[in-house]
Amino acid sequence: MTTTSNSLIRPQFTTIDGLSIRYAEGGEGSQDAILLSPWPESVLAFDQVWARLADHTHLVAVDPPGFGKSERRDSLMNPQAMGDFIVSVADAFGLENPHIVGPDIGTSSALFAAAAAPGRFRSLVIGSGGAAVPLQLTGVLKEWVEAPDLEPYRQMDARQIVTVALSTIEGYTPPPEIREDYLSSFEGDRFVESMRYARSYPDQLPLLSDLLPTIQTPVRIVQGSEDQVVPPVNAEFLHARLPHSRVDFINNAGHFCWEEKPDEYASLVTNWWDEGHVHA
């Protein structure tokens with residue numbers, strides 16, 4: 001188990017749908033929330049906001065299959081299938097009506113989950129993830145999605161690829177233990193195989209676009225104003241089509257806004273849980 005001496009997050013493993021899934025649990029209260037780790041990070045990405053979120057709510061943070069240190073199943077490496085898996089996570093932990101916090105790759109899978117299971121989830125907090133149709137991505141993420149094949153990436157050191165991605169986090173350097181957790185989570189072939197998820201966007205996001213007007217779950221879209229790989233048009237695309245949504249841009253934050261501006265991110269999430277989602 002990899003954790004930090006100061007972290008409140010204590011990862012452990014359970015089996016869901018036959019897969020070894022890493023999760024962390026904490027907090028208490030009358031509400032539940034599933035936190036989905038962003039890419040290429042892990043449940044420890046929530047280290048800075050964990051205490052604030054746990055003051056309000058019982059938390060279950062999960063590395064989705066193929067991400068962090070959870071076991072991969074190739075058939076789950078797309079947003080729609082991952083959305084169904086999120087429903088299985090809620091079932092496995094006995095969470096009747098949880099919130100979902102799904103930044104980055106969790107944006108699309110959380111929305112698919114809400115579409116597949118109407119009324120199952122109390123609300124969503126998403127953002128910093130590809131959503132727009134046609135595809136609107138920039139930088140390295142655009143390259144990863146549009147690369148003709150994966151072979152060149154198989155020849156690269158996966159730890160170096162993740163190091164480059166993490167170098168774009170502005171104003172915050174993850175502690176060595178957390179950084180090592182991120183790097184080890186995607187070493188070997190784990191990073192290149194995780195790319196399959198984002199590379200499914202050209203086929204999957206049009207399917208999601210058609211579903212957006214049917215999603216009645218309240219959705220808060222949170223994104224850094226200076227996101228280097230997911231332009232603001234993605235958040236605006238969702239906001240224009242979801243019946244019950246609001247969008248918030250965190251000023252002077254990049255893609256990893258949950259780490260770059262943790263106080264603002266945590267406030268947006270907890271205010272939403274307390275009352276915001278009721279009025280969306």
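See the structure printed just above.
What counts as what
- Residues numbered from 1 in each chain as written.
- Predicted model: local features only at pLDDT ≥ 70, side-chain atom pairs only at ≥ 80, totals over all residues.
- Heavy atoms only, no water.
- Helix = DSSP H or I, 4+ residues; strand = E, 2+ residues; numbered from the N terminus.
- Contact = heavy atoms within 4.5 Å.
- Expected span 1.5 Å × (residues − 1).
- Buried < 20%, exposed > 50% of the residue type's maximum accessible area, 1.4 Å probe, protein only.
- 1 Å grid on protein atoms, 1.4 Å probe; cavity = no way out; pocket = protein on both sides within 12 Å on 5 of 7 lines; lining within 4 Å.
- Points joined across faces, edges and corners; volume = space filled by probe spheres on them.
- Nonpolar A, V, L, I, M, F, W, Y, C, P; charged D, E, K, R; others polar.
- Salt bridge = Lys/Arg side-chain N within 4 Å of Asp/Glu carboxyl O.

Q: Would you take a moment to explain the environment of Ala110 for this structure?
A: Within the element layout of this structure, Ala110 appears in helix H3 (residues 106-116). Distance in space between the C-alpha atoms of Ala110 and Ile126 is 7.7 Å, their sequence separation being 16 residues. With residues up to four places along the chain from it excluded, the contact list for Ala110 reads Ile86, Ile100, Leu124 and Ile126.

Q: Sorry if this is basic, but what is going on with helix H12 (residues 262-274) here?
A: One turn of the α-helix equals 3.6 residues, which is why residues spaced by three or four share an orientation. Across its 13 residues, H12 extends 18 Å between first and last C-alpha, which sits within 8% of the 18 Å expected from 1.5 Å per residue. Along H12, the positions that sit buried rather than exposed are Pro262, Tyr265, Ala266, Leu268, Val269, Thr270, Trp272 and Trp273.

Q: What is the right way to read empty space enclosed by the protein from this model?
A: Sizing a probe to match a water molecule and rolling it over the atoms shows the empty space that remains. Per the stated rule, a full pass over the model turns up one cavity of 30 Å³ or more. Its boundaries defined by the atoms lining it, the largest cavity holds a volume of some 70 Å³. Residue lining of the largest cavity: Leu36, Val62, Pro64, Pro65, Met82, Phe85, Ile86, Val89, Ile105, Gly106, Ser109 and Tyr197, and that is the complete set. Sorting the residues of the lining of the largest cavity by element identifies helix H2 (79-92) and H3 as the ones contributing at least two each. The dominant element in the lining of the largest cavity, judged by the number of residues it contributes, is H2, at four residues. Here the lining of the largest cavity is composed, by residue class, of ten nonpolar, two polar and no charged.

Q: Mind showing me how you'd approach the pattern of salt bridges here?
A: Any two side chains of opposite charge can pair, given that their charged atoms come close. Under the defined criterion, the tally for this structure stands at 13 salt bridges. Notably, a salt bridge pairs Arg73 with Asp17, separated by 3.0 Å at the nearest N-O pair. Of this pair, Arg73 sits in the loop between strand E4 (58-62) and H2 while Asp17 sits in the loop between strand E1 (12-16) and strand E2 (19-26); the two residues are 56 residues apart in sequence, bridging distant segments of the chain. We classify Asp17 as partly exposed; its relative accessible area is 47%. One salt bridge connects Arg154 with Glu193, and the closest N-O pair in it is separated by 3.0 Å.

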